Amino acid sequence: MTPSQVPTLSYVFAVCRGGGPTESAERPAERLAEGLAELPGLGTGTPVRTLPAGPLTAVVQDVPAAGFGEEALRRRLSDRAELERCARAHHAVITAASVLAPTVPLPLATLYLDDRRVQEALDERQTSFLTALDRIAGRAEWGVKVYAPTGPPPAPEAPSTDSSGSGRTYLDRVRTRRQSREQRHTQTLRAAERVDTAVRGLAVAARRLRPHGVEVTGKHRTHVLNAAYLLDLGRERELRAALASLRHDETDIQIELSGPWAPYSFADAGTTP
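Residues numbered from 1 in each chain as written. Predicted model: local features only at pLDDT ≥ 70, side-chain atom pairs only at ≥ 80, totals over all residues. Heavy atoms only, no water.

Description of the confidence of the model for the chain
Here's step 1: On average, residues of the chain score 86 in pLDDT, and 83% of them reach the 70 mark or higher.
Here's step 2: For the chain, helix α8 (residues 214-217) is the element with the lowest average pLDDT, namely 76, and helix α9 (residues 236-249) is the one with the highest, namely 97.
Here's step 3: Taken together, the stretch residues 20-25 has pLDDT below 50 and engages in four contacts with residues farther than four places along the chain or on a different chain. (pLDDT = per-residue confidence, 0-100. Helix = DSSP H or I, 4+ residues; strand = E, 2+ residues; numbered from the N terminus. Contact = heavy atoms within 4.5 Å.)

Regarding the pattern of salt bridges
Here's step 1: Applying the stated rule across the entire model yields 18 salt bridges.
Here's step 2: For the salt bridge of Glu 82 with Arg 76, the shortest nitrogen-to-oxygen distance reads 2.5 Å.
Here's step 3: For Glu 193, the salt bridge identified is with Arg 208, shortest N-O distance 2.8 Å. Of this pair, Glu 193 sits in helix α7 (residues 166-200) while Arg 208 sits in strand β7 (residues 205-208), and the two are 15 residues apart along the sequence.
Here's step 4: The partly exposed category is assigned to Glu 193, whose relative accessible area is 38%.
Here's step 5: For Arg 208, a relative accessible area of 41% corresponds to the partly exposed category.
Here's step 6: One network of salt bridges, in which partners are shared, links Glu 70, Glu 71, Arg 74 and Arg 75. (Salt bridge = Lys/Arg side-chain N within 4 Å of Asp/Glu carboxyl O. Buried < 20%, exposed > 50% of the residue type's maximum accessible area, 1.4 Å probe, protein only.)

Topic: the environment of Asp 123
Here's step 1: Topologically, Asp 123 is positioned in helix α5 (residues 115-124).
Here's step 2: A sequence separation of 67 residues divides Asp 123 from Leu 56, and the C-alpha atoms of the two residues are 8.5 Å apart.

Looking at the environment of Tyr 112
Here's step 1: Here Tyr 112 is to be found in strand β5 (residues 111-112).
Here's step 2: Under the relative-accessibility criterion, Tyr 112 is labelled partly exposed at 26%.
Here's step 3: Residues Tyr 112 and Tyr 11, 101 residues apart in the sequence, show an inter-C-alpha distance of 6.5 Å.
Here's step 4: Dropping the residues within four chain positions of it, Tyr 112 is found in contact with Leu 9, Ser 10, Val 12, Arg 117, Val 118 and Ala 121.

Focus on the packing of helix α3 (residues 70-78) against helix α4 (residues 80-100)
Here's step 1: Where α3 meets α4, the closest approach of the two axes is 5 Å, and the angle between their N-to-C directions is 100°. It follows that α3 is roughly perpendicular to α4 by the angle criterion. Each of Arg 76, Leu 77 and Ser 78 in α3 lies in contact with α4, whose residues at this interface are Arg 80, Glu 82, Leu 83, Arg 85 and Cys 86.
Here's step 2: Here the contact of α3 with α4 is built from residues that sort into three nonpolar, one polar and four charged. (Axes fitted to C-alpha atoms, helices over the stretch in contact; angles between N-to-C directions. Parallel < 35°, antiparallel > 145°, perpendicular 65-115°, else oblique. Nonpolar A, V, L, I, M, F, W, Y, C, P; charged D, E, K, R; others polar.)

Here it is in structure tokens:
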């Protein structure tokens, strides 16, 4: 069996707006195809290519059915190293596409039996995709994380056993430390809200994501805000200036900025500003 005869599936990375001959002289679909052609994608030896579907264009790659069928894919993604490799390859294609055109990223391992099934799926969700593309055109996603540093816990004090009232003093100290921790936590949450409010003022849409646990952040800081913001291109300087001012004022928290990203958090039709 020659390589061209090996059974394949159609792996879909993303959806962009189509570029028919009447769209403009710039021919965005052709530019997209040329810009993606040299990418290795998932490393299957086949090119990353574009697939027209009415007013939409899918970014796809042929992958061997034997390696990406349901059972094979389950084994592949259960291997941590292979999962990371596939995720990085998937993200690299989406990032490249988003530089060339507004791009709706699709989830990792979005597979169809063939190109016709891809086109049918895009046709069924055409309105949703076009709405999402209108929303993200000329915009990028930025991530903002806020952490509260946590020092090592104080050594416990043993209560005194004498009858001079030291036991009550010990309990008062314990209560005071607890109230102090609760007060610091409240102050941290308020600081995070001020960060969120400031960045929302620059964004056209925002989403709160689940904060990371200690297994990601480590024991010496607590994740209190994990948010994504959709900003118009060209507002990066304003964003960085706003965060620099916040870092100066909010000295009890740590603020991290990442991006610009393809708009993963704003690609579905249910996004609300």
